[in-house]
Amino acid sequence: MNINLLDEQQLSLLKTMLDNAHQVVMCCHKSPDGDAIGSCLGWADFLRRCGKETAVVIPDAMPDFLQWLPSANQVVRYDKNKEKTEALFKQADLVCCLDFNSAHRVADMEELLLSNKAPRILFDHHLNPEMPADFVVSHPSLCSTSEIVFRVVWQLGGYEGMTSSGADSIYCGMMTDTGGFTYNSSYPEIYHIIGLLLSKGIDKDRIYRRVYNNYSEMCLRMRAYVISQKLCVMAPCHASYFSITRKEMKRFHFIKGDAEGLVNEPLRIKGMRLSISLREDTDKDNLIWVSLRSVDQYFCNTLAEKFFNGGGHANAAGGKLMCSMEEAIQITHMAILHFARQYK
């Protein structure tokens, strides 16, 4: 089965860029998820095996359920270590941008990233890449950036020497960006890649448990509270939404990642096509983070663009609103009514 992504000219250019690099920085988007962290760590593992000095820098904290990933304890947070991050970028002779399509996705790290003069590589699977880069591998049809990393490593001849640590990171990224391979994963190549990763000694069941069965007691209570008390189902529209306030997060001792995947739960309701999550920022007033999920041919990325200053994949998108939660709920009602008219 052919899993190559690059033509001969692209492959030659990438090899040249890597040959000329000695100190490489990997970076990803704000509020990094499993794919962002997995792709960075998987690519860094390959580059270290090629003799490169590598560093993974992220704008802010990763979720608690990803802390087990190999080398996760070596990841540098910009919001906590600005001087160190700046020094790493200054020393870098190659910067790799993974799992984001625009510089604004790195938030406060944007100026540092764009001002850096080192050659830049972009690996991403989001629509309409705008990130300035000298080499771009963009495939929105693929399940994850981690899958892109695997395919590129494969094509560079790096599979034979792939470590179980690198395979763990890549598999975790692929798994989390498909909800455990329950969406955006209905093509045979992805399962061929899983087979290759299994041959490297990964324990896929253990990875699943570490990600999805890793809640604290309070996290589980919060999720139950949201579904039982905060879920608003607009049945005629085949849609639902819920909100989580800062006060509620404090009540349940919220930590980053506690709401991960919660937006998918209402889609378990028979006939549900759209689910929207509204969550107040933990620090800033009048900032609401929005997550959208949909199924089949009912696309939510257009809603994210039209109503929530965001975008994303056809069935998984996000955005933000600069307003109160009450205003955000009003906007969400309008968005759902628009969705219902669009797909009536």
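A quick note: this is a predicted structure, and the numbers were derived from the prediction, not measured.

Our focus in this paragraph is the environment of Ile 244. With respect to the helices and strands, the residue Ile 244 is situated in strand β8 (residues 239-244). According to the relative accessible area criterion, Ile 244 is buried, its value standing at 0%. C-alpha separation for the pair Ile 244 and Leu 66, spaced 178 residues apart in sequence, amounts to 22 Å. If we ignore the near neighbours within four places in the chain, the residues touching Ile 244 are Val 226, Lys 230, Met 249, Ala 259, Leu 262, Leu 278, Arg 279, Glu 280 and Met 325.

Here we take up the environment of Lys 344. With respect to the helices and strands, Lys 344 occurs in the segment after α12 (325-342). By relative accessible area, which is 87% here, Lys 344 ends up exposed. When the C-alpha atoms of Lys 344 and His 238 are compared, they prove to be 9.7 Å apart, with 106 residues separating the residues in sequence.

Here we have six strands laid out as an open sheet, ordered β7-β8-β9-β10-β12-β11, and mixed in their pairing. The outermost strands of the open sheet, each flanked by one partner alone, are β7 (232-234) and β11 (311-312). When strand β10 (residues 288-294) meets strand β12 (residues 316-321), the two strands line up antiparallel, connected through six bridges. Residue Val 290 lies in a different strand from β12, and its bridge partner there is Gly 319. Contacting β7, β8, β9 (274-280), β10 and β12, α12 crosses the sheet at an angle of about 165° to β9.

What follows deals with the nonpolar core. Ranked by internal contacts, the top residues of the largest apolar core, which has 61 residues, are Met 26, Trp 43, Phe 123 and Leu 197. Counting residues per element, this core draws most heavily on helix α2 (residues 34-49), at eight residues. In contact with Leu 197, not counting residues within four places along its chain, are Phe 150, Met 162, Ala 167, Ile 170, Tyr 171, Met 174 and Ile 202. Ranked by size, the runner-up nonpolar core spans 26 residues in total, among them Ala 239, Leu 274, Ile 276 and Tyr 298.

Right, let's get into the pairing of strand β5 (residues 120-124). Burial of β5 is extensive: five of the five residues sit out of reach of the surface. Residues Arg 120, Leu 122 and Asp 124 line one face of β5 and the alternating positions Ile 121 and Phe 123 line the opposite face, and both faces are buried. Relative to β5, strand β4 (residues 94-98) runs parallel, the two sharing four bridges. Bridging from a neighbouring strand, Cys 97 pairs with Leu 122 of β5. Handedness of the crossover joining β4 and β5 through helix α4 (residues 110-115): right-handed.

Calculation criteria
Residues numbered from 1 in each chain as written. Predicted model: local features only at pLDDT ≥ 70, side-chain atom pairs only at ≥ 80, totals over all residues. Heavy atoms only, no water. Helix = DSSP H or I, 4+ residues; strand = E, 2+ residues; numbered from the N terminus. Buried < 20%, exposed > 50% of the residue type's maximum accessible area, 1.4 Å probe, protein only. Contact = heavy atoms within 4.5 Å. Pairing = 2+ DSSP bridges. Axes fitted to C-alpha atoms, helices over the stretch in contact; angles between N-to-C directions. Core = buried A, V, L, I, M, F, W, Y, C linked by side-chain atoms within 4.5 Å. Right-handed = clockwise from strand over helix to strand, strands pointing away.

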